[in-house]
Amino acid sequence: MYPIATHTGCGISHARRMRFAVWFATLSLSLPVAAQWAQIGWERVATGLKQPTLVTGSGDGSGRVFIVEQPGRVRILRNGALVEKPFLDLTARVGYDKERGLLSVAFPPRFAERKRVYADFTEDDGTIVIARYKVTADPDVADPASEEILLRIPQQIGRAHV
């Protein structure tokens, strides 16, 4: 037999720990279900997206919602409407197939001042790339030509994961 837990030196007796566990379990079971679980649901907010992988905000107070599409585009949802022009279009740069593609973007603290965005994507050969891009004078557009590669992780052929 293996002990369930071995804990020494805490200064609390086994009997006292058991009384606390019973009290906590009783308290948990006596709470109403509504207090334990939030009610959630689904609501369609946009159409016309291709393989969305991430929904995020930039933290700049603009209220824009950024949606990453696996084939290589980052789209903006503003006031419930999808902006026609992509925020960032890396479709010519990204290797898109099954688990590959544009997987994520990240916005640094003080994004409005720094005007940089980070992207995580795979190239055609499966190499994972982390790159940084500059936002143009139009805050709704990042420049793909400004790419600065920060990290490249080559993948072995046939391996799905690092």
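Residues numbered from 1 in each chain as written. Predicted model: local features only at pLDDT ≥ 70, side-chain atom pairs only at ≥ 80, totals over all residues. Heavy atoms only, no water.

**Here we look at the environment of Pro108**
As for its position among the elements, Pro108 is in the loop between β6 (102-106) and α3 (111-114). For Pro108, a relative accessible area of 11% corresponds to the buried category. Pro108 sits 49 residues away from Gly59 along the chain, and the two C-alpha atoms are 8.5 Å apart. In contact with Pro108, not counting residues within four places along its chain, are Arg114, Arg116 and Tyr118. (Helix = DSSP H or I, 4+ residues; strand = E, 2+ residues; numbered from the N terminus. Buried < 20%, exposed > 50% of the residue type's maximum accessible area, 1.4 Å probe, protein only. Contact = heavy atoms within 4.5 Å.)

**Comments concerning the pattern of salt bridges**
Applying the stated criterion across every chain yields a total of 10 salt bridges. We note a salt bridge from Arg73 to Glu69, for which the minimum N-O separation is 2.9 Å. A relative accessible area of 25% places Arg73 in the partly exposed class. One salt bridge in this structure joins Glu148 and Arg132, with 3.0 Å as the shortest N-O distance. (Salt bridge = Lys/Arg side-chain N within 4 Å of Asp/Glu carboxyl O.)

**A word on the packing of aromatic side chains**
If you walk through the whole model with that rule in mind, you get 4 aromatic pairs. Ring geometry for Phe66 versus Phe107: centroids 4.6 Å apart, planes at 45°, classification tilted. Here Phe66 is found in strand β2 (residues 65-69), whereas its partner Phe107 is found in the loop between β6 and α3, with 41 residues between them in sequence. Comparing Phe66 with Phe107, the two get one shared label, buried. In this structure an aromatic cluster arises from ring pairing among Phe66, Phe87, Phe107 and Phe111. (Phe/Tyr/Trp six-rings, centres within 6.5 Å; stacked < 30°, edge-to-face > 60°.)

**A look at the pairing of strand β8 (residues 128-135)**
Here strand β7 (residues 116-122) pairs with β8 via 7 bridges, running antiparallel. When the bridges of β8 are listed, Tyr118 appears paired with Arg132. From the end of β7 to the start of β8, which pair antiparallel, there are 5 residues, and Gly126 there has a positive phi angle of about 95°. One ladder, built from 7 bridges, connects β8 with strand β9 (residues 142-153); its direction is antiparallel. Bridging across to β9, Val129 finds its partner in Arg152. Following β8, the chain reverses through 6 residues before pairing antiparallel with β9. (Pairing = 2+ DSSP bridges.)

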